[in-house]
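These are the residues of each chain, in order.
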Amino acid sequence: MDESPIDLTSNREEMAKLNSVEQTQLILARLMEGGQEDDDTCRELDRLTKLLNDDIQNKNTEQSICNVIDDVCVDTILGYLDMRQADLVRAHGVLTTSAYLKASGDKGSEALRNFFFDRVKRGTYDDYIVAFCVAAAVFPIVPDITADIFLSEGFLPSLDPLMRRKWKSRKVETACLEMLNAASMNTQCREAIQKYCTDWLEEVVDQDPSELAKAIHSADPELQITEGSIAMRRHSEAVQNLAAVILAKLRAVPSSAQQSTEGSENRIQQATTSIEDLSKMFSSMILKNPESDKRLSVEGLAYATIQPAVKEEVARNKELVKTLVKVLGDAPAKSPLTYGALSVFMNLTRYQPTQSEEEKKMTQLKAYADASGKLAPANPLNDNDHVSERCKRVFEAGIVPILVTHSRHGSVASLNLIVTIISALSVTTSIRGQLAQQGAVNLLIAACTALPDSELQAKRTSAQALARILISTNPALVFGGTRARPQNMAIRPLVSILAPDPAAETRDLLPTFEALMALTNLASTDDDTRATIIRNAWAEIEEQMLSSNHLVSKAAVELVCNLVQCVEGVALYAEDTPQAANRLHILLALADAEDEGTRSAAGGALASLTAYEAIVTGIMKRKRGVEVVLGLCGEQSEELRHRGAFVVYNMIAWEGEVGKTARKAVRDHNGVEILKDCAKSSRRAEVVEVTVQALKILLEED
């Protein structure tokens, strides 16, 4: 009789009868056994991951399953991080390893350390590959622990002779470089790599495969060679690319040792591969083979484009920028390739932060405290003109529709980059309309909702970019017709940046100003929008009307001028309450402000409000109310005179006691002469007409 073993792990009912420790032992036995299909292996790893995650939740109530995971089991789990495993298996192995290290705490850290050094100590190629692959995979999971292992005394110096062996394994070389690539994200590790590994990394990058092939062929024409073969002792293109990425990280983010030697003169330094050379190498890799894996080249370019000269060179290469846009469009969501390509575009389009005078002084003080005592001049390639030109080139390459697509399915980190890129593009006024047409407005509104509260800065960046676009576009063209997203959806993000950023060290009023301008544009459309703005933002708008910055104050008053076109806006000033009376008092004061734009906006609001009797009565009660209104009629600006004359006409045209009182007050304040002068000095027909109408009423006997 055929007696095949029963696979309990694939039987959910049988597994459910076992406790978590027994389930763990069965799964580990299956994983140690091996020989399964990749899908089955992934399934087992997922079950173990779930048990480990549950173990974290139930740590205080049940026996931990980590007690049955010994060194052999750890060896099995970490073995699935080997580069020779299928990519899918490795991905699931990373999740299981992460769950184990989190659940096991110090025990897991010690097991990881023992595994790594035991494999390195054995010294076989197979052991090196597994050890290096594990280190590369767990670096992002437990960076502090892995960095401590990586920086252990004697480890990095031992890599140099290993990589310079006459006969070496290409897989060992690749695994080692993957480890160095992951480690180079850590500052201390990066400095150690700079010290011990730079020479042979440059040898890998600088090797000319064609010359080496010719030399070997001339020595032995019968020798059959393949790319990356041991016989040829040449590096594959992928290995060279990976080494170049590591060098790019070292060059783009200089170590403290490099920074301390910068500016030292009369010193002979060894020739090194410059960041510009590496950039050209990455660009060539991206352009020459459309079907090849571009992840490493794009990652390298993401670091290289931190440097201003590289940014400019990449942006001027139209073919390269268009290819990068295509690479981003074809890249899977939430992939390293997507993040790398987005990083490149963020570097190309990034504006330098504006510094206040106080911040500039602090920067100078830090420079004086430095050893050199000199403040390095700002790179002209980072100035606003150069960045604006780069933004135009990136936009012309067709990036916006690609960003819109990725924003729907990307990670929080990717969405953060997308928002930053769109924000930079929105600075250029001439392309704001096209940004709206290509979906940027919907992208930014959705991002404000999708980003978690922990990403407050990204939310503010989204809202400010939205404000910039809505300042320069007709809301009817963005939200009208059959479009699914109503314009009221844009109000809440704009309101969120009316108040200054509480986390900022210095107060930046630009987001406040731009949000007020955008809301003013929206408030020009319909009463429903105006009412929504009042419900969500009135308290903040009132506060900004009294801002010490005249541009912010003017923008707030211009918004109020549009808001009082609806019933809810009028009620704020016409109600018989102390608050309404105080608001009218403030509006009259702003109609007499120093800034002409503020006076004009306040005059426009009064022109609308004086169509209501309660407002006219309120103006009359104010000590200088009539005087302020007549002051508008004597302005140099014809627009201001028009608004002043219209307010006077509205006030004196009322019938009954209110109109009679208003006419008397205007006459008593020399209103007739002021209006005559207004009519004489005006050239526009509508100004003369309303002024003459007001004079006729005043000259009639009550």
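Quick caveat: nothing in here was measured; it's all calculated off a predicted structure.

Chemist: Summarise the overall build of the protein; cite the residues concerned and give the values.
Modeler: Counting its regular elements, the protein contains 41 helices and zero strands. In the protein, which comprises 702 residues, the proportion classed as buried is 49%. Put simply, the protein shows about 34,900 Å² of open surface, and 50% of that area lies on carbon and sulfur atoms.

Chemist: Let's hear about the side chain of Thr338: which residues, and what values?
Modeler: With respect to the helices and strands, the residue Thr338 is situated in helix α20 (residues 336-349). Note on Thr338: relative accessible area 1%, which makes it buried. Ignoring any residue separated from it by four or fewer positions in sequence, one finds Thr338 in contact with Leu328, Ala331, Pro332, Ala333, His406 and Ser414.

Chemist: If you had to explain the state of the cysteines to someone new, which residues and values would you point to?
Modeler: Applying the stated criterion to the full structure yields zero disulfides. Cysteine Cys678 remains unbridged, with the sulfur of Cys633 as its closest cysteine sulfur at 5.3 Å. Overall, the relative accessible area of 1% leaves Cys678 in the buried class.

Chemist: Can you lay out the side chain of Thr598 for me, pointing to particular residues and giving the numbers?
Modeler: Among the secondary structure elements, Thr598 is positioned in helix α35 (residues 596-609). What makes Thr598 buried here is its relative accessible area of 2%. If sequence neighbours within four positions are ignored, Thr598 has contacts with His550, Ser553, Lys554, Val557, Leu590 and Ala593.

Chemist: Account for the packing of helix α24 (residues 412-426) against helix α26 (residues 440-450), with residues named and values stated.
Modeler: The geometry of α24 relative to α26 is characterised by a closest axis approach of 11 Å and an angle of 140° between their N-to-C directions. One element, α24, and the other, α26, form an angle in the oblique class. Judged by the twist between their axes, the crossing of α24 over α26 is left-handed. In this structure, α24 uses Leu415, Ile418, Val419 and Ile422 to contact α26, whose residues at the interface are Ala440, Leu443, Leu444, Ala447 and Ala450. Split into classes, the residues belonging to the contact of α24 with α26 amount to nine nonpolar, no polar and no charged.

Chemist: Go over a negative patch on the surface with me, naming the residues and quoting the values.
Modeler: Judged by side-chain charge, Asp383, Asp385, Glu389 and Glu396 come together as a negatively charged surface patch. On the secondary structure map, Asp385 appears in helix α22 (residues 384-396). Take Asp385: its relative accessible area is 63%, and that puts it in the exposed class.

Chemist: Pulling in residues and values, what's your account of the environment of Pro157?
Modeler: Relative to the helices and strands, Pro157 is located in helix α9 (residues 155-163). Between the alpha carbons of Pro157 and Tyr196 there is a distance of 6.0 Å; along the sequence they are 39 residues apart.

Chemist: Go over the nonpolar core, please, and point to the residues and values.
Modeler: Soluble globular proteins tend to pack their nonpolar side chains together in the buried interior. Grouped together as the largest cluster of nonpolar side chains are 201 residues, with contacts concentrated most on Phe132, Phe150, Met179, Leu180, Leu201, Phe345 and Tyr573. Looking at this core element by element, the count peaks at 11 residues for helix α7 (residues 125-138). Look past the residues within four positions of Leu180 in its chain and what remains in contact with it is Phe150, Leu156, Leu159, Ile193, Cys197, Trp200, Leu201 and Ile246.

Chemist: Lay out unusual backbone geometry in plain terms, naming residues and giving numbers.
Modeler: The phi dihedral of Lys334 is positive, around 60°, even though this residue is not glycine. With respect to the element layout, Lys334 can be found in the loop between α19 (318-330) and α20. For Lys334, a relative accessible area of 59% puts it in the exposed group. Even without being glycine, Asn670 reaches a positive phi, approximately 65°. You can see Asn670 is positioned in the loop between α39 (656-668) and α40 (671-681).

Chemist: Pulling in residues and values, what's your account of the packing of α19 against α20?
Modeler: What describes two packed helices is the angle between their axes and the distance between those same axes. Two elements in contact, α19 and α20, have axes separated by 9 Å at closest approach and are oriented at 145°. In this structure, α19 meets α20 at a crossing whose hand is left-handed. Residue-level inspection shows Val321, Leu324, Val325, Val327 and Leu328 of α19 in contact with α20, the latter providing Leu337, Thr338, Ala341, Leu342, Val344 and Phe345. Grouping the amino acids of the contact of α19 with α20 by side-chain chemistry returns 10 nonpolar, one polar and no charged.

Chemist: Go over the environment of Glu299 with me, naming the residues and quoting the values.
Modeler: The topology assignment puts Glu299 in helix α17 (residues 295-304). The spatial distance from the C-alpha of Glu299 to the C-alpha of Leu242 is 9.4 Å, given a sequence separation of 57 residues. The residues touching Glu299, leaving out its near neighbours within four places in the chain, are Asn181, Val245 and Lys249.

Chemist: Give me the layout of surface pockets: which residues, what numbers.
Modeler: The calculated volume of the second largest pocket comes to roughly 1,800 Å³. Taken together, 49 residues make up the lining of the second largest pocket; nearest its centre are Glu178, Asn181, Arg295, Leu296 and Glu299. In terms of residues, the lining of the second largest pocket owes the most to one element, helix α10 (residues 170-183), which gives seven residues. The residue makeup of the lining of the second largest pocket, split by class, is 26 nonpolar, 11 polar and 12 charged.

Chemist: Quick rundown of helix α4 (residues 71-79)? Include the residues and the values.
Modeler: Regarding α4, the residues found buried are Cys73, Val74, Thr76, Ile77, Leu78 and Gly79. For α4, the N-terminal cap is Asp70; the gap from its side-chain oxygen to the backbone nitrogen of Val72 is 3.2 Å.

Chemist: Break down the packing of aromatic side chains for me, citing the residues and quoting the values.
Modeler: This model, assessed by the stated rule, comprises seven aromatic pairs. Here the aromatic rings of Tyr128 and Phe132 are separated by 5.6 Å at their centres, their planes lie at 25°, and the arrangement is stacked. Remark: Phe132 and Tyr128 occur in helix α7; sequence separation between them is four residues, near one turn of the helix. The class of Tyr128 is buried, set by a relative accessible area of 12%. On the basis of relative accessibility, which here comes to 0%, the residue Phe132 falls in the buried class. When the ring of Trp538 is compared with that of Tyr573, the centres are 6.3 Å apart and the planes differ by 85°; the resulting orientation is edge-to-face. Remark: Tyr573 occurs in helix α33 (residues 567-574) and Trp538 occurs in helix α31 (residues 527-545); sequence separation between them is 35 residues. Following the ring pairs from residue to residue traces out a cluster consisting of Phe116, Phe117, Tyr128, Phe132, Phe139, Phe150 and Phe155.

Chemist: So what's going on with the pattern of salt bridges? Which residues, and what values?
Modeler: Evaluated as defined, the whole model comprises 29 salt bridges. The partner of Asp148 in a salt bridge is Arg113, with the nearest N and O atoms 2.3 Å apart. Separated by 35 residues along the polypeptide, Asp148 in helix α8 (residues 143-150) and Arg113 in helix α6 (residues 106-122) bring together distant segments of the chain. Residue classification places Arg113 among the partly exposed positions, given a relative accessible area of 23%.

Quick notes on the rules
- Residues numbered from 1 in each chain as written.
- Predicted model: local features only at pLDDT ≥ 70, side-chain atom pairs only at ≥ 80, totals over all residues.
- Heavy atoms only, no water.
- Helix = DSSP H or I, 4+ residues; strand = E, 2+ residues; numbered from the N terminus.
- Buried < 20%, exposed > 50% of the residue type's maximum accessible area, 1.4 Å probe, protein only.
- Areas by Shrake-Rupley, 256 points an atom, 1.4 Å probe, with all protein chains shown as cover.
- Contact = heavy atoms within 4.5 Å.
- Disulfide = S-S within 2.5 Å.
- Axes fitted to C-alpha atoms, helices over the stretch in contact; angles between N-to-C directions.
- Parallel < 35°, antiparallel > 145°, perpendicular 65-115°, else oblique.
- Left-handed = near helix turned anticlockwise from the far one by under 90°.
- Nonpolar A, V, L, I, M, F, W, Y, C, P; charged D, E, K, R; others polar.
- Patch = residues over 30% accessible without salt bridge, like charges linked within 9 Å, V, L, I, M, F, W, Y side chains within 5 Å.
- Salt bridge = Lys/Arg side-chain N within 4 Å of Asp/Glu carboxyl O.
- Lys, Arg positive; Asp, Glu negative; His and termini not counted.
- Charge placed at Lys NZ, Arg CZ, Asp CG, Glu CD.
- Core = buried A, V, L, I, M, F, W, Y, C linked by side-chain atoms within 4.5 Å.
- 1 Å grid on protein atoms, 1.4 Å probe; cavity = no way out; pocket = protein on both sides within 12 Å on 5 of 7 lines; lining within 4 Å.
- Points joined across faces, edges and corners; volume = space filled by probe spheres on them.
- Polar contact = N/O pair within 3.5 Å; in protein donor to acceptor, adjacent residues only side chain to side chain.
- Phe/Tyr/Trp six-rings, centres within 6.5 Å; stacked < 30°, edge-to-face > 60°.

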